[in-house]
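Now for the letters of each chain:
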Amino acid sequence: MKRLINSLLPCVLWAVICGFMVSCSTVKTYQVTSPHSTADLFHDRVMEPEIATADPAAVFTLSEQQKAAFKRELRKPVNRSKLDIEVIYQYLQKRLQHFNFHAKTLTAQQALTHNSGNCLTLAILTHALAETTHVGVYYELAKTPPVFQRENGYLLSSQHIQTVIFEKKVGNSIFFSSKPLKLKIDYYSTAGSRTLRRVSEEEFQAMYYSNVAAEALVASHSKKAYWNLKKALQIDPDNPVALNMLAILYRQSGYDNYAENVFVHGLSLAENQLELLSNYHRYLLDKDRLLEAEKVADVIDDYDDPDPFKWVDIADQALQDGRYHQAETYFKKARQQAPYLHEPSAGLAKVYYAQGKRSQAIKAMKQALDNSHNQSVTALYKAKYKFLTDQSH
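Our subject in this report is the structure included herewith. (Residues numbered from 1 in each chain as written. Predicted model: local features only at pLDDT ≥ 70, side-chain atom pairs only at ≥ 80, totals over all residues. Heavy atoms only, no water.)

## Topic: the packing of helix H3 (residues 84-96) against helix H5 (residues 119-131)
(1) Moving on: As a packed pair, H3 and H5 sit with axes 11 Å apart at the nearest point and diverge in direction by 140 degrees. Between H3 and H5, the angle is such that the two are oblique. Here H3 and H5 pass one another in a crossing that is right-handed. Each of Ile88, Tyr91, Leu92 and Leu96 in H3 lies in contact with H5, whose residues at this interface are Leu122, Leu125, Thr126, Leu129 and Ala130.
(2) Moving on: Partitioning the contact of H3 with H5 into residue classes produces eight nonpolar, one polar and no charged. (Axes fitted to C-alpha atoms, helices over the stretch in contact; angles between N-to-C directions. Helix = DSSP H or I, 4+ residues; strand = E, 2+ residues; numbered from the N terminus. Parallel < 35°, antiparallel > 145°, perpendicular 65-115°, else oblique. Left-handed = near helix turned anticlockwise from the far one by under 90°. Contact = heavy atoms within 4.5 Å. Nonpolar A, V, L, I, M, F, W, Y, C, P; charged D, E, K, R; others polar.)

Written out as structure tokens, the structure is:
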């Protein structure tokens, strides 16, 4: 799933920096009360004409022709002794051999037709396949290094979703088990990934509309983004990703009062506030409301979120804004949480270089190089390290 972090201001779009992880530790929170309900946050009049959004039935189910084709697969002699979850898994394995792992979010029908789509698209396709059988399905958010990309002034950060399919009823067969048999389908398996939490059905459905909205924002289709965000929030009213993006959308469209209402409402709901706080802090700075911004910054500085990539996200944003002291603080928080990662040290090297602290930049880049185990990333860090050391001579 894409996240937006406001880079003008980058899952899904993060000015939308949005958090999914539920922390077990006690964190300092920003206490605020919203006089609004989620329904109060919509302003259809300024986003007319209405743009039609996909019906959930069209998103999460296959066409009748596609269902019939998969049922023929289930009835093949070679599959008669297999559990349905095995058939689904093997069917996906065959499809993915020729799958174009495109960044665009597609429906289940589109995924099969075009043989392409992103991580969320594949989860949607798995859901649709499970619906043609008696297999149960649920979703999990996994902790993996996010993939960052910049598009049209936005920094997009991808999150990783896994699908679990399970046999609701095994019956009297050679596969009999006292517990439901399960298979976890991980479309982009990454070493060291672990499950953060289960994703509700409402949140899963809202992810589709939030992703479509993020893609629309990047393409400067603000009205399409708005109507898809409204759909997401009608399905999952407290969804922090959609709320963050709605605030960004209003800001980008010049409706700052609407944006602040959304930020405040989101902060009044969310248990995990780090990304919301970061975006709200930037909003307050842009409005020259420095005392309020300082209070928010104090909460962020004392925040104890165990996810290092959230700190990398907001550190990158601070670095882009030229807030070097805060960027250094947040990269160090990320490094403290996960000293084995290369991203925090590489970020610190950028901060120190921007401040003219060459020796510290070299030391930080050397640490990033030592922590890197990916061939392309290592090559990039070697080049940067050589550049820094050559400049110091």
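## Thoughts on the packing of helix H6 (residues 201-218) against helix H8 (residues 240-252)
(1) Moving on: Remark: H6 packs on H8, axes separated minimally by 10 Å, with the N-to-C direction vectors making an angle of 25 degrees. One element, H6, and the other, H8, form an angle in the roughly parallel class. When you trace H6 past H8, the crossing you get is left-handed. For the pair H6 and H8, contact is made by Ser210, Ala214 and Leu217 and by Val241, Ala242, Met245 and Leu249, respectively.
(2) Moving on: Residues that form the contact of H6 with H8 fall into these classes: six nonpolar, one polar and no charged.

## So, the side chain of Lys230
(1) Moving on: Summarising the element assignment, Lys230 is placed in helix H7 (residues 222-235).
(2) Moving on: The buried category is assigned to Lys230, whose relative accessible area is 13%.
(3) Moving on: Among the polar contacts listed, one links the side chain of Lys230 to the side chain of Asp44, at a separation of 2.6 Å.
(4) Moving on: In this structure, Lys230 is in contact with Phe42 and Asp44, ignoring residues within four places of it in sequence. (Buried < 20%, exposed > 50% of the residue type's maximum accessible area, 1.4 Å probe, protein only. Polar contact = N/O pair within 3.5 Å; in protein donor to acceptor, adjacent residues only side chain to side chain.)

## Quick notes on the pairing of strand S5 (residues 160-167)
(1) Moving on: The element S5 is largely enclosed, with a buried count of eight among its eight residues.
(2) Moving on: Neither face of S5 is exposed, since His160, Gln162, Val164 and Phe166 on one face and Ile161, Thr163, Ile165 and Glu167 on the opposite face are all buried.
(3) Moving on: Summarising the sheet, S5 and strand S6 (residues 182-185) pair through four bridges and their orientation is antiparallel. Residue pairing for S6: Ile165 is matched across the bridge by Leu183. (Pairing = 2+ DSSP bridges.)

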